[in-house]
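Working through the structure, step by step
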Amino acid sequence: MPRWRPQFQVADIAQQVVGGFLLAGPFVVTEEVWTLATEMGWLHGLATAALVFAIGYGALYGADADRDPERERDVVGIPVRFVSLMGVAFGSVTILALVFGAPATFLADLPAMERFGVTIRAITVGAIFSVVGAATADSVY
């Protein structure tokens, strides 16, 4: 019998956070990610963010046949579990980047506004890996 909990719980968020931070860490401190983000344009950044959303949704609802987004609580039609997953995916990378001082370390030569844009794009790159970890932890446990 499938193990299905009808409500999204605090424990689910905790699992997402652990998985998200676990896989985000190595990418936040990798110079290649920051160099890649420097060379990316805004269109690349938007496409990367869309990829994070697609991977997250697919991992939560496509890969887990027992989970149905129609049966979950939602916020303006979006399942709370998915909203949480996106918050964790992008939030964990953002927090780690700021705590480690990655933008100042890897982008010190850039003007402040350009550094901000590159940081946003680097966060989207890291979020690809973070969302995989967060969704996996949510689905496995």
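Residues numbered from 1 in each chain as written. Predicted model: local features only at pLDDT ≥ 70, side-chain atom pairs only at ≥ 80, totals over all residues. Heavy atoms only, no water.

Looking at an unreviewed UniProt entry, the chain carries the name Integral membrane protein, with the source organism given as Halococcus salifodinae DSM 8989.

Located in the positive-phi region is Val-76, a residue other than glycine, with phi close to 45°. Here Val-76 lies in the loop between strand E1 (74-75) and strand E2 (78-79). Judged by relative accessible area, which is 77%, Val-76 ranks as exposed. (Helix = DSSP H or I, 4+ residues; strand = E, 2+ residues; numbered from the N terminus. Buried < 20%, exposed > 50% of the residue type's maximum accessible area, 1.4 Å probe, protein only.)

For the rest of this paragraph, the subject is the packing of aromatic side chains. Enumeration according to the criterion identifies 6 aromatic pairs in this entry. Geometrically, the ring pair formed by Phe-27 and Phe-129 is stacked, given 3.7 Å between the ring centres and 5° between the ring planes. Linking Phe-27 in helix H1 (residues 10-28) with Phe-129 in helix H6 (residues 112-140), this pair joins segments that are 102 residues apart in sequence. The partly exposed category is assigned to Phe-129, whose relative accessible area is 31%. Both rings, one in Phe-53 and one in Phe-90, keep their centres 5.9 Å apart while their planes meet at 40°; by these two values the pair is tilted. Here the residue Phe-53 occupies a position in helix H3 (residues 42-62), and Phe-90 occupies one in helix H4 (residues 80-100), the gap between them amounting to 37 residues. Residue Phe-53 is classed as partly exposed on the basis of its relative accessible area, which comes to 38%. Under the relative-accessibility criterion, Phe-90 is labelled buried at 18%. The structure contains a cluster of three or more aromatic residues connected by ring pairs, namely Phe-53, Tyr-57, Tyr-61, Phe-82 and Phe-90. Over the face of the ring belonging to Trp-42 we find Arg-121, whose NZ or CZ atom lies 5.1 Å from the ring centre. (Phe/Tyr/Trp six-rings, centres within 6.5 Å; stacked < 30°, edge-to-face > 60°. Lys NZ or Arg CZ within 6 Å of the ring centre and 35° of its normal.)

In this section: the packing of helix H2 (residues 31-39) against H6. The contact between H2 and H6 brings their axes to 8 Å, and the two run at 120°. Relative to H6, H2 is oriented oblique. Crossing handedness for the pair H2 and H6: right-handed. Between H2 and H6, the residues in contact are Val-33, Trp-34, Leu-36, Ala-37 and Thr-38 and Val-118, Thr-119, Arg-121, Ala-122 and Val-125, respectively. Grouping the amino acids of the contact of H2 with H6 by side-chain chemistry returns 7 nonpolar, 2 polar and 1 charged. (Axes fitted to C-alpha atoms, helices over the stretch in contact; angles between N-to-C directions. Parallel < 35°, antiparallel > 145°, perpendicular 65-115°, else oblique. Left-handed = near helix turned anticlockwise from the far one by under 90°. Contact = heavy atoms within 4.5 Å. Nonpolar A, V, L, I, M, F, W, Y, C, P; charged D, E, K, R; others polar.)

Looking at the secondary structure, you find Arg-115 in helix H6. Taking the C-alpha atoms as reference points, Arg-115 and Ala-127, separated by 12 residues in sequence, lie 18 Å from one another. If near-sequence neighbours (up to four positions away) are discounted, Arg-115 is found in contact with Pro-103, Leu-107, Ala-108 and Leu-110. There is a polar contact of 3.3 Å between the side chain of Arg-115 and the backbone oxygen of Leu-107. Only 3.5 Å separates the side chain of Arg-115 from the backbone oxygen of Ala-108, close enough to count as a polar contact. (Polar contact = N/O pair within 3.5 Å; in protein donor to acceptor, adjacent residues only side chain to side chain.)

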